[in-house]
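Residue-level structural notes
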Amino acid sequence: MSAPVRIGVLGCADIAVRRMLPAFAASRDVEVAAVASRDPARAEEVAARFGCRPVRGYAELLDADDVQAVYIPLPAALHAPWVEAALNAGRHVLAEKPLTTDPESTERLLDLAAKQGAALMENVMFVHHPRHEAVRRLVSAGRIGELRSFHAAFTIPPLPDGDIRYAPELGGGALSDVGLYPLRAALHFLGPALEVIGARLTRGSGRRVETSGAALLGTPEGVTAHLTFGMEHAYLSRYELWGGEGRITVDRAFTPPADFVPGIAVHGHTTEEIRLEPADQVAATVAAFVTAVRAGSAVRGDTLRQAELLNDVRRLSA
């Protein structure tokens, strides 16, 4: 049995308290060492809930000798400097998505992690859910014939006016917050040769960031990806793969709860509903990070290509 990975958390963001800290605490392979906040009272409150020590300030946590790895749930614009500081302090890093706000910073940090012998992983959780690998197997087996196109949408209802995702100076906006999901799903199924053909970002009334958007991507073989996203909409989390002989649809695709019974619908002459066992994608993400820490590196995967494509969407929509 390997010793648990001792992890520190830089910040008390909602996703840290609501999803990641409970998953860390539930894992036999992780020990939560410390939680840092600029607000000492907040650090003490959260640390008490999860049985670890409070730390005032992020830099102090990075200096702690008993912290092997850090989780960074800070606003997107703060990821790059704190990821870099953590890597330079010899820590493995799990950072909220997007890893950074530009592809140049993303590549630089991935290269730094490799140089330091550290695992750097972006917290895109849905790719660790087994349903998507099951879909890939169905496509590879020819269940819908030759793949023609991919369609994905992720939209959420309006956020409170003070939410950081409405703040451009903090890296907010629909593209990097919700648009990342359908774009990453397109990469997952169609591969890194995807290129952005066209895009449109729309800013809602009174907002300083884009609140919705759409993008068209394509592969060299002519398979297209049609993506829609937004954060002032009715909730939708779905993708479809269209083939020459049928299609596959997946609902509640990106953020299913751990007790959700995942389904895959295969449409041809008839419709087959495939039901899978519930799976906890948060726990699966934690397990993947532990594996990366113990290996001393994380699979770069689609992280850099995702950053490049997000940048292309923004550039082509200007």
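In this report, the structure presented in the accompanying data block is examined. Every chain is numbered independently, its residues counted from 1 as its sequence is written. A pLDDT threshold of at least 70 governs which residues receive local features in this predicted model, and a stricter bar of 80 or more applies before side-chain atom pairs are shown or counted, although totals over entire chains, interfaces and linings include all residues. No hydrogens and no water enter the side-chain calculation; it runs on all heavy atoms of the structure.

Let's shift gears to the packing of helix α1 (residues 14–26) against helix α2 (residues 40–50). Interhelical geometry of α1 versus α2 gives an angle of 40° and a closest axis separation of 10 Å. Between α1 and α2, the angle is such that the two are oblique. You can see that α1 and α2 cross each other, and the crossing is right-handed. Where α1 abuts α2, its residues Val17, Leu21, Pro22 and Ala25 lie against Arg42, Val46, Arg49 and Phe50. Lines fitted to C-alpha atoms define the axes here, with helix axes fitted over just the stretch in contact, and angles between the N-to-C directions of these axes take values from 0 to 180 degrees. A run of H or I in DSSP counts as a helix once it spans at least four residues, and a run of E counts as a strand once it spans at least two, with each numbered from the N terminus. Here the word oblique covers every angle except those under 35 degrees (roughly parallel), over 145 (roughly antiparallel) and from 65 to 115 (roughly perpendicular). We call a crossing left-handed when the near helix sits turned anticlockwise from the far one by less than a right angle, and right-handed when that turn is clockwise. Contact between two residues is taken to exist if any of their heavy atoms lie within 4.5 Å; hydrogens are not considered.

Turning our eyes to something else, we now look at the state of the cysteines. The criterion for a disulfide is a pair of cysteine sulfur atoms lying within 2.5 Å. Enumeration over the complete set of coordinates arrives at zero disulfides. You can see Cys12 has no disulfide; the closest cysteine sulfur is in Cys52, sitting 8.9 Å from it. In this scheme, a residue with accessible area under 20% of its type's maximum is buried, one over 50% is exposed, and one in between is partly exposed, where area comes from a 1.4 Å probe on protein chains only. In this structure Cys52 comes out as buried when scored by relative accessible area, which is 13%.

For the rest of this paragraph, the subject is the packing of helix α5 (residues 103–116) against helix α9 (residues 303–317). To describe two helices that pack against each other, one gives the angle between their axes and the distance between the axes. Viewed as axis vectors pointing N to C, α5 and α9 meet at an angle of 170°, and their least axial separation amounts to 8 Å. When the axis of α5 is compared with that of α9, the two are roughly antiparallel. Contacts between α5 and α9 involve Pro103, Thr106, Glu107 and Leu110 on the former and, on the latter, Thr303, Leu304, Ala307, Glu308 and Asn311.

What makes a salt bridge here is a side-chain nitrogen of Lys or Arg within 4 Å of a carboxyl oxygen of Asp or Glu, nothing more. Tallied over the entire structure, the rule returns 24 salt bridges. Among the salt bridges present, the one from Arg108 reaches Glu84, with a minimum N-O distance of 3.1 Å. One end of the pair, Arg108, is in helix α5; the other, Glu84, is in helix α4 (residues 79–88), and 24 residues separate them in sequence. Given a relative accessible area of 37%, Arg108 falls into the partly exposed group. Measuring nitrogen to oxygen at the nearest pair gives 2.6 Å for the salt bridge that ties Glu240 to Arg238. On the accessibility criterion, Arg238 (25% relative accessible area) is partly exposed.

This part takes up α5. Look at α5: 20 Å from first C-alpha to last across 14 residues, which is about the 20 Å you get at 1.5 Å a residue. For α5, the set of buried residues is Pro103, Ser105, Thr106, Leu109, Leu110, Leu112 and Ala113. Where α5 starts, the residue carrying a side-chain oxygen 3.2 Å from the main-chain nitrogen of Glu104 turns out to be Asp102. At the C-terminal side of α5, Gly117 shows a positive phi close to 70°. By definition here, a helix of n residues has an expected span of 1.5 Å times n minus one. Think of a polar contact as two N or O atoms within 3.5 Å of one another; within protein, one of them needs to be a possible hydrogen donor and the other a possible acceptor, and neighboring residues in sequence only count if both atoms come from side chains.

Scope: geometric values only; no functional claims are made or implied.
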